[in-house]
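Architecture at a glance
This is what each chain is made of:
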Amino acid sequence: LASCTSAEVERRIAQGPVTTRAEDSAGTDGSSGSSTVWVGGLIFLAILAIYIVSNVDRANFYNHFVWQASAWLEGQAGIRFPVTATSTSPGNNYFQDVLPILDPNGSVPGRALIPFPPLPAVLLLPFVAVFGLTTNAQLIATFIGAIDVALAFWMLGRLPLDRSVRVATTIFLGLGTVLWYAAELGSTWFLAHVVAVGLTLAAIGIALGADPRAALGDDEDALPETVFVRPWFRSLDRRQFLAGLLFGLACTSRLTIVFGAPFFVLVGGGGSWPRRAIAAGIGTAIPIAAFLLYNLVTTGHLMHPGYDYLYSLETGAYPQLNYHAGWAIEDPRYLIQNLPLMIAGLPDILRPCTDPNAAQGLFSVSCPLIAPRDIGMGLFLTSPAWLLGFLSLRWWGVDRLVSGCAIAVAAIATVNLMHFSQGWVQFGYRFSNDFAPFALILFALALQATRRRGIGYGLIGVSVVINLWGVIWGHLLGW
């Protein structure tokens, strides 16, 4: 910017971080394609190794999706339940997150429905067909998690970032957020998060690749006139459609991600926002419609009744979670109750010792100095580097990418906070995985724009250390 006039500087600042990429590309990651592939491959292998080493003894204790895939292969919607473990086959009689299928006389015939969106079970189908109920879903989640991080590196390549910023941001997602804990653990709920994160990152990357601002800036009037005059059904943006399709698939793993849809209205293929919305909307609607049809066929309801059953069950069984029987499953009052947990939920500090003879220690289970809480911990305590993303809000309203990401993060987080459950027996705040792909862009753009990147890199380092601490404690506590 040193060679620009004051008017040009003001214009670039107003445009935001993305629309200037064609003008300022000399300072961004312009390395060769083969070099970039090698870097991405090394990141994948490194993250995979760390995830595997983080959890060598995978118990496959909560593997609902393995049972679901097995049921489909048996021609049934409901899983066999309750099943007692044998020397050669796992059991599931300890499952609570299932809806027993009752005979007309009220007896349980040995089947139950799983209420969770089914995409993770679909992905496990070929493995279950080969390995049966011994399929190691947790190990598969580890590989998917490493793929998520590699997809983040690819997606970030669509942005005007220096190589160092791109790599640092990728490492932050893989090791400085609760994605690490989710991927290395890989049990039912965490597998769903890991699957959804990768699909959302892929959808965002494709939408960014379809965005004509990469060459033309943010001025839609500069686009060819034919983009606007052709009928929408003839000029349907195929890349935007594919982005919507992947986004819709992500929603069939984690439902609340659907509230990130405004991103694809603001960001993507050329033309007006209705054109972007139509292309992405059609793609998104296909998997979601299939999911709703699946619910209707298997339960008689568009929305799975298992959630109502679980709500009534857990409200009475777990008073420590402060659920309210008189409130709805999604209730604005829960937002007020849950917001402090997401923002600044604290760990247990100087918890009373269960062994009076034990000395207090950082990793002493019986007498810890500080230990994570099973109901979760604050997002900015476990990943303080997320705070940097707020700096990107300076471009709110003047840059479509920033505005789209901010709206997606706020919408998904709000709906999640209105849910009665915020997760349990977890490190950190696992629901943050739902909006992490969008928040990652805000973080990367802020890190790229700041003059003191050392602070950002330091926050990433602190986040990695905290999440390592959380992974270690998760295993010490048997989570």
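Below, the structure is looked at part by part. (Residues numbered from 1 in each chain as written. Predicted model: local features only at pLDDT ≥ 70, side-chain atom pairs only at ≥ 80, totals over all residues. Heavy atoms only, no water.)

1. Things to note about the packing of helix H8 (residues 188–209) against helix H18 (residues 436–449)
When two helices pack together, their arrangement is given by the angle between the helix axes and by the axis-to-axis distance. Rules: Helix axes use the C-alpha atoms of the stretch in contact, all axes being lines fitted to C-alpha atoms, and the angles between their N-to-C directions lie in the range 0 to 180 degrees. Secondary structure elements are taken from DSSP: a helix is a run of H or I of four residues or more, a strand is a run of E of two residues or more, and numbering for both begins at the N terminus. An angle counts as roughly parallel when it lies under 35 degrees, as roughly antiparallel when it exceeds 145, as roughly perpendicular when it falls between 65 and 115, and as oblique in every other case. Contact criterion: two residues are considered in contact whenever any of their non-hydrogen atoms come within 4.5 Å of each other. Gly is put with the polar residues, along with every residue not named as nonpolar or charged; the nonpolar set is Ala, Val, Leu, Ile, Met, Phe, Trp, Tyr, Cys and Pro, and the charged set is Asp, Glu, Lys and Arg.
Interaxial distance between H8 and H18 falls to 9 Å at its minimum, and their mutual angle equals 50°. One element, H8, and the other, H18, form an angle in the oblique class. Residue-level contacts link Val 197, Thr 200, Leu 201, Ile 204 and Leu 208 of H8 to Pro 437, Phe 438 and Ile 441 of H18. Counted by class, the contact of H8 with H18 contains seven nonpolar, one polar and no charged residues.

2. What to know about the sheet that holds strand E1 (residues 79–80)
The strands making up a sheet associate through backbone hydrogen bonding, with each pair oriented either parallel or antiparallel. Stated formally: Two strands qualify as a pair provided DSSP detects at least 2 bridges between them.
An order of E1-E3-E2 is seen for the three strands of this open sheet, with the pairing classed as antiparallel. The outermost strands of the open sheet, each flanked by one partner alone, are E1 and strand E2 (99–100). Bridging between E2 and strand E3 (residues 111–113) involves two bridges; their strand directions are antiparallel. Within E3, the position partnered with Pro 100 by the bridge is Ala 112.

3. Considering the pattern of salt bridges
We count it as follows: Each reported salt bridge corresponds to a side-chain nitrogen of Lys or Arg within 4 Å of a carboxyl oxygen of Asp or Glu.
By the definition in use, this model includes seven salt bridges. The residue Glu 74 makes a salt bridge to Arg 111 at a minimum N-O spacing of 3.1 Å. With Glu 74 in the loop between helix H3 (64–73) and E1 and Arg 111 in strand E3, this pair connects stretches of sequence that are 37 residues apart. A salt bridge links Asp 348 to Arg 373, with the nearest nitrogen and oxygen atoms 3.8 Å apart. With Asp 348 in strand E4 (residues 348–349) and Arg 373 in the loop between strand E5 (370–371) and helix H16 (379–382), this pair connects stretches of sequence that are 25 residues apart.

4. Some thoughts on the state of the cysteines
How we decide: The definition used for a disulfide is geometric: two cysteine sulfur atoms within 2.5 Å.
Within this structure, the stated rule accounts for one disulfide. Note that Cys 353 is cross-linked by a disulfide to Cys 367, the S-S spacing being 1.7 Å. Highlighted residues: Cys 353 in the loop between E4 and E5 and Cys 367 in the loop between E4 and E5, separated in sequence by 14 residues.

5. A closer look at the environment of Leu 255
Stated precisely, the cut-off is as follows: For each residue, the accessible area found with a 1.4 Å probe, counting protein chains only, is set against the maximum for its type, and the residue is called buried under 20%, exposed over 50%, and partly exposed in between.
Counting through the fold element by element, Leu 255 comes out in the loop between helix H11 (238–251) and helix H12 (262–266). The exposure class assigned to Leu 255 is partly exposed, which follows from its relative accessible area of 27%. Taking the C-alpha atoms as reference, Leu 255 lies 9.2 Å from Ile 288; in sequence the two are 33 residues apart. When sequence neighbours within four positions are dropped, the list of residues in contact with Leu 255 reads Pro 117, Phe 291 and Met 303.

6. Topic: the packing of aromatic side chains
Rules: Two aromatic rings from Phe, Tyr or Trp, using only the six-membered ring of Trp, form a pair when their centres are within 6.5 Å; if the ring planes differ by under 30 degrees the pair is stacked, by over 60 it is edge-to-face, and anything between is tilted. Lysine and arginine charges are scored as sitting over a ring when NZ or CZ, respectively, is within 6 Å of the ring centre and within 35 degrees of the ring normal.
Evaluated as defined, the whole model comprises 23 aromatic pairs. Members of the aromatic cluster, each reached through a chain of ring pairs, are Phe 61, Tyr 62, Phe 65, Tyr 94, Phe 95, Phe 116 and Trp 189. Above the plane of the ring of Phe 431 lies Arg 254, whose end atom (NZ or CZ) is 4.9 Å from the centre. Residue placement shows Arg 430 over the ring face of Phe 190; its charged tip is 5.8 Å from the ring centre.

7. As for the environment of Phe 95
By secondary structure assignment, the location of Phe 95 is in the loop between E1 and E2. A residue is classified by how much of its surface remains accessible, and Phe 95, at 5% relative accessible area, is buried. Every residue in contact with Phe 95, bar those within four places of it in the chain, is listed here: Phe 61, Tyr 62, Asn 63, His 64, Trp 67, Ile 79 and Phe 81.

8. Considering the nonpolar core
Put simply, the rule is: Residues grouped as a nonpolar core are buried Ala, Val, Leu, Ile, Met, Phe, Trp, Tyr and Cys residues, joined through side-chain atoms within 4.5 Å.
Ile 79, Phe 263, Phe 264, Trp 386, Leu 401, Phe 438 and Ile 441 are the most contacted members of the largest nonpolar core, which has 109 residues in total. No other element matches H8, which puts 15 residues into this core. Formed by seven residues, the second largest nonpolar core is a distinct cluster that contains Tyr 311, Tyr 318, Leu 321 and Tyr 323.

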